[in-house]
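Secondary and tertiary structure notes
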Amino acid sequence: MSAAQETHARTTPTVTLPGRPCSAAAALHVVGEKWALLAVREIFFGNHRFEAIARNTGAPRDRLAARLRSLEQAGVVERRPYNERPPRYEYHLTDSGRDLAPVIRALLDWGDRWVLEDRPVVMIHKPAADPGNEDPHRDGDGDVGADPHGPARTHPHAHDLDAAWICRTCGEEVVMNTLAVDVRAPGWDRSGPRAPSPSDG
């Protein structure tokens, strides 16, 4: 686990699932349903109210409400009041939810390459001029596009995002032929559950 990962407290209760012990399976248990990730996408895009999330995802309202409740229980989103009478709430990403941004980006990239012929949504990188320079196009939660109708390229150094997967330890770009899997769950190896050996006690 990297130092960056260690700084975040776990908000989602540990789950026990059938099959291989795996963080990917645990993550999909929380956010793997279509409407859950699309709701996260919309909040990440800066759409915080239920009506906008429902319109932009196309989700049935009852299904969306259930997914937002489960995301809130899992600590991925939080509700914040914006109206007292009648009570109305907006949805915002927590630290856990914001850490899903690379997942949304990866799905966009994969869909651009393998599913759609055009690019209906493009992520724009607007690097800060210096480390302390806040991007005025992000809201206080780090969501992109504080002005949903404004141009994405008003930043002087804005460009289409072309992100790479970089190893924090060595600084090199990660490609598939440089990867190996180290299975550390007791009683499992890459092929699946292994037979107990005398050394297992």
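Only a predicted model underlies this, so the values are computations on that prediction, with no experimental measurement involved.

Quick look at the pairing of strand 1 (residues 77–83) now. When strand 1 meets strand 2 (residues 88–93), the two strands line up antiparallel, connected through six bridges. By the bridge assignment, Val77 is partnered in strand 2 with Leu93.

Turning our attention to helix 3 (residues 34–44). With nine of its 11 residues buried, helix 3 lies for the most part within the structure. Two or three places before Trp35, at the start of helix 3, stands the capping residue Glu33, its side-chain oxygen 2.8 Å from that residue's backbone nitrogen. Directly after helix 3, the chain includes Gly46, whose backbone phi takes a positive value near 100 degrees.

It is worth spelling out the state of the cysteines at this point. Under the defined criterion, the tally for this structure stands at zero disulfides. Cys167 forms no disulfide, and the closest cysteine sulfur to it belongs to Cys170, at a distance of 3.8 Å. Residue class for Cys167 comes out partly exposed when judged on its relative accessible area of 26%.

Leu64, Leu71 and Val76 are the most contacted members of the largest nonpolar core, which has 26 residues in total. Within the residue set of this core, elements represented by two or more residues are helix 2 (23–31), helix 3, helix 4 (50–57), helix 5 (61–73), strand 2 and helix 7 (101–114). No other element matches helix 3, which puts seven residues into this core.

This brings us to the pattern of salt bridges. Counted according to the given criterion, the structure contains 12 salt bridges. When the shortest N-O distance is used, the salt bridge between Glu33 and Arg63 registers 3.1 Å. Of this pair, Glu33 sits in the loop between helix 2 and helix 3 while Arg63 sits in helix 5, and the two are 30 residues apart along the sequence. The class of Glu33 is partly exposed, set by a relative accessible area of 23%. Of the charged contacts in the structure, one is a salt bridge between Glu33 and Arg67, with a shortest N-O distance of 2.9 Å. You can see Glu33 sitting in the loop between helix 2 and helix 3 and its partner Arg67 sitting in helix 5, a full 34 residues away along the chain. Residue classification places Arg67 among the partly exposed positions, given a relative accessible area of 22%. Within this structure, Glu33, Arg63 and Arg67 form a network of salt bridges that share partners.

Scoring rules and cut-offs
Residues numbered from 1 in each chain as written. Predicted model: local features only at pLDDT ≥ 70, side-chain atom pairs only at ≥ 80, totals over all residues. Heavy atoms only, no water. Pairing = 2+ DSSP bridges. Helix = DSSP H or I, 4+ residues; strand = E, 2+ residues; numbered from the N terminus. Buried < 20%, exposed > 50% of the residue type's maximum accessible area, 1.4 Å probe, protein only. Polar contact = N/O pair within 3.5 Å; in protein donor to acceptor, adjacent residues only side chain to side chain. Disulfide = S-S within 2.5 Å. Core = buried A, V, L, I, M, F, W, Y, C linked by side-chain atoms within 4.5 Å. Salt bridge = Lys/Arg side-chain N within 4 Å of Asp/Glu carboxyl O.

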